[in-house]
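Below, each chain spelled out in residue letters.
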Amino acid sequence: MQTRPTAERQDQDRGDGETGENRDEEQHPQVGGNGTADEVASDRKQMAGEAWDRRSTWKPSVYYSLGNECFHIAGHEICIRESMDSYGALVWPGAVALSQFLENNCHQVNLLDKAVLEIGAGTGLLSIVASLLGAWVTATDLPEILPNLTFNLSRNSRRRCRYAPQVAALTWGQNLERDFPCTSYRYDYVLAADVVYHHDYMDELLATMCHFCRPGSGTTLLWANKMRFQSDLSFTERFQSCFKTTLLAEFDEEEVRVYKATPRE
């Protein structure tokens, strides 16, 4: 998830002059062309509430301890360091769903020796699982997310993975051809989990997806997302118009959909 501060952190920061992608929302009464300022605030509050609610959810394969969330996926215990400071420092349902899908459907999506890019990697759970399944992984997110992402990747991949996962800064829609030129960077799979929610960068996200999953690239995009808001459904329609898509799985309890997409030639 390419991130913004959580609602509580935003309230503290507002008026202090945010820079880069974390811009003051008072300058953006419309988000992605959808919703009034009140609706945006309500949706962000819902996201923050969801983050807290996940702390009280217990499942046999997941437990929480002192800012760590632990999973048993791909035959390994994976411990993720989290923080409430940013959406990108939390594990979201889309990442868990896609990780479990990859673990259980290796015959359908075989990552062994494949080049894999994750956009909006956040805490790194999905990239860790892809690495454990034998992929050569590059995990990307905003620069301020990378220290925690790097920590989690190193902590969970050392002496476990065929290839050591790599980390790189990537801001959606910015300097894509300069930093990831099409002639030099080709991936078998691009992974994205819970990258769609109420934010200002839907166009940039779609442009980033199209850059890496372009005609002739042979790249397959796997996108998992919890469908929370009307803007999520609107983005899905645009996504389906840009790519040939297949709905691979639905996780009804978490309201998560997993899509496979390939370029329209």
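Within any chain, residue numbers begin from 1 and follow the written order of that chain's sequence. Thresholds applied to this predicted model are a pLDDT of at least 70 for local features of residues and 80 or more for the giving and counting of side-chain atom pairs; totals over whole chains, interfaces and linings are not thresholded and use all residues. Hydrogens and water are ignored here; the side-chain numbers use all heavy atoms of the structure.

Enquirer: What should I look at first to understand the confidence of the model for the protein in this one?
Expert: It should be kept in mind that the predicted coordinates are not to be read in detail where pLDDT is low. Note: pLDDT gives the predictor's confidence per residue, expressed from 0 to 100. Summarising the model, the protein shows a mean pLDDT of 81, and 73% of its residues fall at 70 or more. Here, two residues are considered to be in contact whenever any of their heavy atoms come within 4.5 Å of each other. Confidence drops under pLDDT 50 across residues 3–34; counting only partners more than four residues distant or on other chains, this segment forms 74 contacts. Segment residues 54–66: pLDDT under 50, and 26 contacts once partners within four positions in sequence are set aside and those in other chains are kept.

Enquirer: Would you explain the sheet that holds strand E8 (residues 220–226) in this entry?
Expert: Strands pair in a sheet through their backbones, by hydrogen bonds, and they do so in one of two ways: parallel or antiparallel. Between any two strands, at least two bridges found by DSSP are needed for them to pair. Per the convention used, a helix needs a DSSP run of H or I reaching at least four residues, while a strand needs a run of E reaching at least two, with both numbered from the N terminus. Pairing is mixed in the open sheet, where seven strands are placed in the order E6-E5-E4-E7-E8-E10-E9. Strand pairing shows two members of the sheet lacking a second neighbour, strand E6 (166–169) and strand E9 (243–251), which therefore form its edges. When the angles between neighbouring strand axes are averaged without regard to direction, this sheet yields 20°. In this structure, strand E7 (residues 189–193) lies alongside E8, joined through five bridges in parallel fashion. Bridge assignment links Leu 191 to a residue of E8, and that residue is Leu 222. Lines fitted to C-alpha atoms define the axes here, with helix axes fitted over just the stretch in contact, and angles between the N-to-C directions of these axes take values from 0 to 180 degrees. Lying on the sheet, helix H5 (residues 146–157) is in contact with strand E5 (136–141) and E6; it crosses E6 at an angle near 170°.

Enquirer: Help me understand the pattern of salt bridges in this model?
Expert: Within this document, salt bridges are pairs made up of a side-chain nitrogen of Lys or Arg and a carboxyl oxygen of Asp or Glu, the two lying within 4 Å of each other. A full pass over the atoms with the stated rule returns five salt bridges. Among the salt bridges present, the one from Arg 228 reaches Asp 194, with a minimum N-O distance of 3.2 Å. Here Arg 228 is found in the loop between E8 and helix H8 (230–242), whereas its partner Asp 194 is found in the loop between E7 and helix H7 (202–212), with 34 residues between them in sequence. There is no split in this pair, since Arg 228 and Asp 194 are both buried. With a closest N to O distance of 2.8 Å, Arg 238 and Asp 203 form a salt bridge. Here the term buried applies to any residue with accessible area under 20% of the maximum for its type, exposed to any over 50%, and partly exposed to those in between, with areas from a 1.4 Å probe on protein chains only.

Enquirer: Is there a simple way to explain unusual backbone geometry in this structure?
Expert: Peptide bonds are trans in most cases, and residues, glycine excluded, mostly fall at negative phi. Phi is positive for Ala 74, close to 55°, though the residue is something other than glycine. Tracing the chain through its elements places Ala 74 in the loop between strand E2 (68–73) and strand E3 (76–81). Positive phi values are uncommon outside glycine, yet Asn 175 reaches one of about 55°. Asn 175 gets classed as partly exposed once you look at its relative accessible area, which sits at 39%.

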